[in-house]
Amino acid sequence: LCKAIQNKEVDLGIAICGTGLGISMAANKVHGVRCAVPTTPFMAEMAKAHNNANVLALGGRVLTPEQAIEYVDIWLDTEFLGSYHANRVAMLDEM
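How each quantity is defined
Residues numbered from 1 in each chain as written. Predicted model: local features only at pLDDT ≥ 70, side-chain atom pairs only at ≥ 80, totals over all residues. Heavy atoms only, no water. Helix = DSSP H or I, 4+ residues; strand = E, 2+ residues; numbered from the N terminus. Contact = heavy atoms within 4.5 Å. Areas by Shrake-Rupley, 256 points an atom, 1.4 Å probe, with all protein chains shown as cover. Patch = residues over 30% accessible without salt bridge, like charges linked within 9 Å, V, L, I, M, F, W, Y side chains within 5 Å. Salt bridge = Lys/Arg side-chain N within 4 Å of Asp/Glu carboxyl O. Lys, Arg positive; Asp, Glu negative; His and termini not counted. Charge placed at Lys NZ, Arg CZ, Asp CG, Glu CD. Buried < 20%, exposed > 50% of the residue type's maximum accessible area, 1.4 Å probe, protein only. Polar contact = N/O pair within 3.5 Å; in protein donor to acceptor, adjacent residues only side chain to side chain.

Chemist: Honestly, the overall build of the chain in this entry has me stumped. Any pointers?
Modeler: If you tally the helices and strands in the chain, you get five helices and three strands. By principal-axis analysis of the C-alpha atoms, the chain measures approximately 35 × 25 × 20 Å. Put simply, of all contacts in the chain between residues at least 6 apart along the chain, 61% involve residues at least 24 apart. Carbon and sulfur atoms provide 60% of the accessible area of the chain, an area that totals close to 5,700 Å².

Listed below in structure tokens is the structure:
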């Protein structure tokens with residue numbers, strides 16, 4: 001997934017592990033990946049709106065299927081707000 005994002009084969013992706021934490025740590029080591037682990041609907045929205053997360057990490061042991069679907073739907077339906085948030089995203093991409 002992360003290599004596909006890095007190679008611009010895909011724009012977005014979803015990664016799943018037990019808690020979402022381990023896979024997010026691994027994903028965020030790949031240049032160009034901005035992976036977020038939402039634990040609330042608001043976090044799913046802000047992952048995209050403010051941080052332009054291109055990977056969503058979900059925890060199979062900590063979320064119900066309904067929560068996971070809700071977070072994915074929110075994340076996919078949310079637009080990146082750009083503006084001053086774009087500067088922060090650019091800084092993340094330079095790391």
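Chemist: How do you make sense of a negative patch on the surface when you look at a structure like this?
Modeler: Residues E70, D73, D77 and E79 make up a contiguous surface patch of negative charge. Relative to the elements of secondary structure, D73 occurs in helix α4 (residues 65-77). The exposure class assigned to D73 is partly exposed, which follows from its relative accessible area of 41%.

Chemist: How do you make sense of the side chain of S24 when you look at a structure like this?
Modeler: Structurally, S24 is set in helix α2 (residues 21-27). Ignoring anything within four residues of it in the chain, the contact list for S24 reads C35, V37 and A57.

Chemist: Please clarify how the side chain of R34 should be interpreted in this entry.
Modeler: Here R34 is to be found in the loop between α2 and β2 (35-36). Classification of R34 by relative accessible area gives buried; the value is 13%. From its side chain, R34 meets the backbone oxygen of N52 in a polar contact 2.9 Å long. If near-sequence neighbours (up to four positions away) are discounted, R34 is found in contact with N28, N51, N52, A53, N54, V55, V89, L92 and D93.

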